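Chain by chain, the residues run as shown.
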Amino acid sequence: MCQAGVVGNEPGDGDLTATLRRIERAAGALATASVARMDETLPWFRALPADQRSWVMLVAQAGVRSLVQWLGSGGGSADSTQEVSDEVFAAAPQALARSITLQQTVALIKVTIDVVEEQVPHLAAEGEQQQLHDAVLRFSREIAFAAARVYARAAESRGAWDARLQALLVDALLRGDSPDVLASRAAALGWADAPPVAVAVGRSPGGEVSAVLHTVYRQARRIGAEVIGGVHGDRLVVVLGGADDPLTATGKLLSAFGEGPVVVGPAVPSLDAATESARAALAGFRAAPAWPGAPRPVAATDLLPERALAGDAEARRRLRHDVYGVLIRAGGELLETLDAFFAAGGTLESAARALFVHPNTVRYRLRRIAEVTGLSPLTPRDAFGLQVALTVGRLDPVAPPVPTQTMGPGVGKTSQTGDDHRRSL
């Protein structure tokens, strides 16, 4: 910062009184010349709307007035320099920060200072030209600092507003608000809604929310994904858009999460349908401790058995319809073979003896079960899912129970009641 009394206060120096009067008289002409130079040398400035160009004119005029005040205070102490410099942008600080970038503002300041410097020989009184030239250079530095402060405050304000808006959007997703509410809040954040969209939930690493979200945004930029994040209690909720494989994309964001499971909901076409993905991810996050060996991240659909045991109605419906119902519709022998296989402790030969069939028949039926359900009885994890699905399907009060058949000759035949049950599913 400049020391007080540098300009016009050293022994032998004048007080620049005559120079100050000349600058005051030339203030309007200097501002006009500065804006004209901007129009000549800055193509983007020529493209600005008339109202924004008028803001720049106001700032240029305020800058010349501040120069006079700054010089009149003797070059300014730290306090007076900041007070005068900040006034330069008081004409339209918010509008300027919204419409013109910091880099562009620096270019405008440079043009204005260049114009003032060129006029120093005409503005300075006799013997004061060097003093005025040095003072203009110091003042330009103060103006640059003032511009940085204006943009820093605007960025902080915008960042705080964005964080609040994102938290509201994530909260709306978790509550299942209407698509119109989601769309309006997402639009305010500049969300492009690039498909597919999925929601990931994990534990927050703790600390300042802004720092947590900054880590998420930085990593999302690296992988080219669109994100909206929010911290709810101890949970970090991240909405991903534009990632072809949301599960893989979430794997590249893991360092933004805290310890523990990270669950990714199913991909949906747009943010309008993201509530479904958010509900599945939250249900999976609550149920994930029941599977200590789960991968990280893990898909919410891979946690259907744990979610069903934890009381998730959607998981129960999926298991009943997509697993148990599929087995019923595929034919009674598949369900009977699966029961026998589990009753035999997963021993194929024992299941074959109980069913009075050849072991190859059991092998074929187990392969068929894997084909129609996507779950292989020979894999421990899939076998657990199948057992939970059978339990849920048989407990569901909506569907009547499958008739129990005695093992022996004729096993594999299905009664009329079983046919009716298959049709009901």
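Please read all numbers here as calculations on a predicted model, not as lab measurements.

Student: Help me understand the nonpolar core in this model?
Tutor: When a protein is soluble and globular, its nonpolar side chains tend to lie buried together. Core analysis: the largest hydrophobic core is formed by 28 residues, its most contacted members being Leu319, Leu327, Leu338, Phe342, Ile369, Leu386 and Leu390. Going through the elements one at a time, α13 (304-309), α14 (313-330), α15 (332-343), α16 (348-355), α17 (359-373) and α18 (380-395) are the ones with two or more residues in this core. Residue contacts for phenylalanine 342: discarding those within four places in its chain leaves Ala383, Leu386, Gln387 and Leu390. With 23 residues, the next largest nonpolar core counts Trp191, Leu271, Ala281 and Val298 among its residues.

Student: What am I meant to see in unusual backbone geometry here?
Tutor: Only a minority of non-glycine residues have a phi that is not negative, and only a minority of peptide bonds are not trans. Put simply, proline 195 and proline 196 share a cis peptide bond, and its omega is -10°. Mapped onto the elements, proline 196 comes out in the loop between α9 (179-188) and β1 (197-203). For phenylalanine 356, which is not glycine, the phi torsion reads 60° and is therefore positive. By secondary structure assignment, the location of phenylalanine 356 is in the loop between α16 and α17.

Student: I tried to follow the packing of aromatic side chains on my own but got confused; where do I start?
Tutor: Geometry of an aromatic ring pair is reported as the spacing of the ring centres plus the angle between the planes. Tallied over the entire structure, the rule returns two aromatic pairs. Ring centres of tryptophan 44 and phenylalanine 45 lie 6.3 Å apart, and the angle between their planes is 85°; this geometry places the pair in the edge-to-face category. When its relative accessible area of 24% is taken as the criterion, tryptophan 44 is described as partly exposed. Residue phenylalanine 45 is classed as buried on the basis of its relative accessible area of 0%. Lying across the ring of tryptophan 291, arginine 381 places its NZ or CZ 3.5 Å from the centre.

Student: I would appreciate a short explanation of the sheet that holds β1 in the present structure.
Tutor: Strands belonging to one sheet form pairs held by backbone hydrogen bonds; the direction of such a pair is parallel or antiparallel. One open sheet accounts for five strands, arranged β2-β3-β1-β4-β5; its pairing is mixed. With one partner strand each, in any of the chains shown, β2 (226-232) and β5 (298-299) form the two edges of the open sheet. The pairing of β1 with strand β4 (residues 263-264) spans two bridges and is antiparallel. Note on β4: the bridge partner recorded for alanine 200 is valine 264. Here helix α10 (residues 209-223) sits on the sheet in contact with β2 and β3 (235-241), set at roughly 160° to β2. The sheet strands contacting helix α12 (residues 274-287) are β1, β3 and β4, and the helix crosses β1 at an angle near 25°.

Student: Honestly, the packing of α16 against α17 in this entry has me stumped. Any pointers?
Tutor: Relative placement of two packed helices is described by the angle separating their axes and the distance separating the axes. It is the contact of α16 with α17, at a shortest axis distance of 8 Å, that shows an interaxial angle of 105°. Regarding the angle of α16 to α17, the classification is roughly perpendicular. From α16, Leu348, Glu349, Ala351, Ala352 and Leu355 reach across to α17, where they touch Pro359, Val362, Arg363, Arg365 and Leu366. Looking at the contact of α16 with α17 residue by residue, the class counts come to seven nonpolar, no polar and three charged.

Student: Explain the side chain of arginine 307 here, please?
Tutor: Looking at the element boundaries, arginine 307 is found in helix α13. Beyond its immediate stretch of four places on either side in the chain, arginine 307 contacts Ala280, Ala283, Gly284, Ala287, Ala300, Thr301, Asp312, Glu314 and Ala315.

Student: When you look at the pattern of salt bridges in this model, what are you seeing that I'm missing?
Tutor: Where side chains of opposite charge bring their charged atoms close, a pairing between them can arise. Tallied over the full model, the rule gives nine salt bridges. Here arginine 317 and glutamate 314 are joined by a salt bridge, their closest N and O atoms 2.9 Å apart. With arginine 317 and glutamate 314 both in helix α14 and three residues apart, the pair spans about one turn of that helix. The salt bridge partner of aspartate 322 is arginine 318, with a shortest N-O separation of 2.9 Å. Of this pair, aspartate 322 and arginine 318 both sit in helix α14, four residues apart, roughly one helical turn.

Student: Which parts of the structure should I look at to understand the side chain of serine 34?
Tutor: In this structure, serine 34 sits in helix α1 (residues 17-41). We classify serine 34 as buried; its relative accessible area is 1%. Apart from the residues within four sequence positions on either side, serine 34 is in contact with Val111, Thr112 and Val115.

Student: Any chance you could explain the confidence of the model for the chain here in plain terms?
Tutor: Atom-level detail of predicted coordinates should not be read off regions where pLDDT is low. Mean pLDDT for the chain: 78, with 74% of residues reaching 70 or above. Contacts for the low-pLDDT stretch residues 1-14, under 50 throughout, to residues beyond four places or in other chains number 34 contacts. Confidence drops under pLDDT 50 across residues 399-425; counting only partners more than four residues distant or on other chains, this segment forms 41 contacts.

Basis of the calculations
Residues numbered from 1 in each chain as written. Predicted model: local features only at pLDDT ≥ 70, side-chain atom pairs only at ≥ 80, totals over all residues. Heavy atoms only, no water. Core = buried A, V, L, I, M, F, W, Y, C linked by side-chain atoms within 4.5 Å. Buried < 20%, exposed > 50% of the residue type's maximum accessible area, 1.4 Å probe, protein only. Helix = DSSP H or I, 4+ residues; strand = E, 2+ residues; numbered from the N terminus. Contact = heavy atoms within 4.5 Å. Phe/Tyr/Trp six-rings, centres within 6.5 Å; stacked < 30°, edge-to-face > 60°. Lys NZ or Arg CZ within 6 Å of the ring centre and 35° of its normal. Pairing = 2+ DSSP bridges. Axes fitted to C-alpha atoms, helices over the stretch in contact; angles between N-to-C directions. Parallel < 35°, antiparallel > 145°, perpendicular 65-115°, else oblique. Nonpolar A, V, L, I, M, F, W, Y, C, P; charged D, E, K, R; others polar. Salt bridge = Lys/Arg side-chain N within 4 Å of Asp/Glu carboxyl O. pLDDT = per-residue confidence, 0-100.

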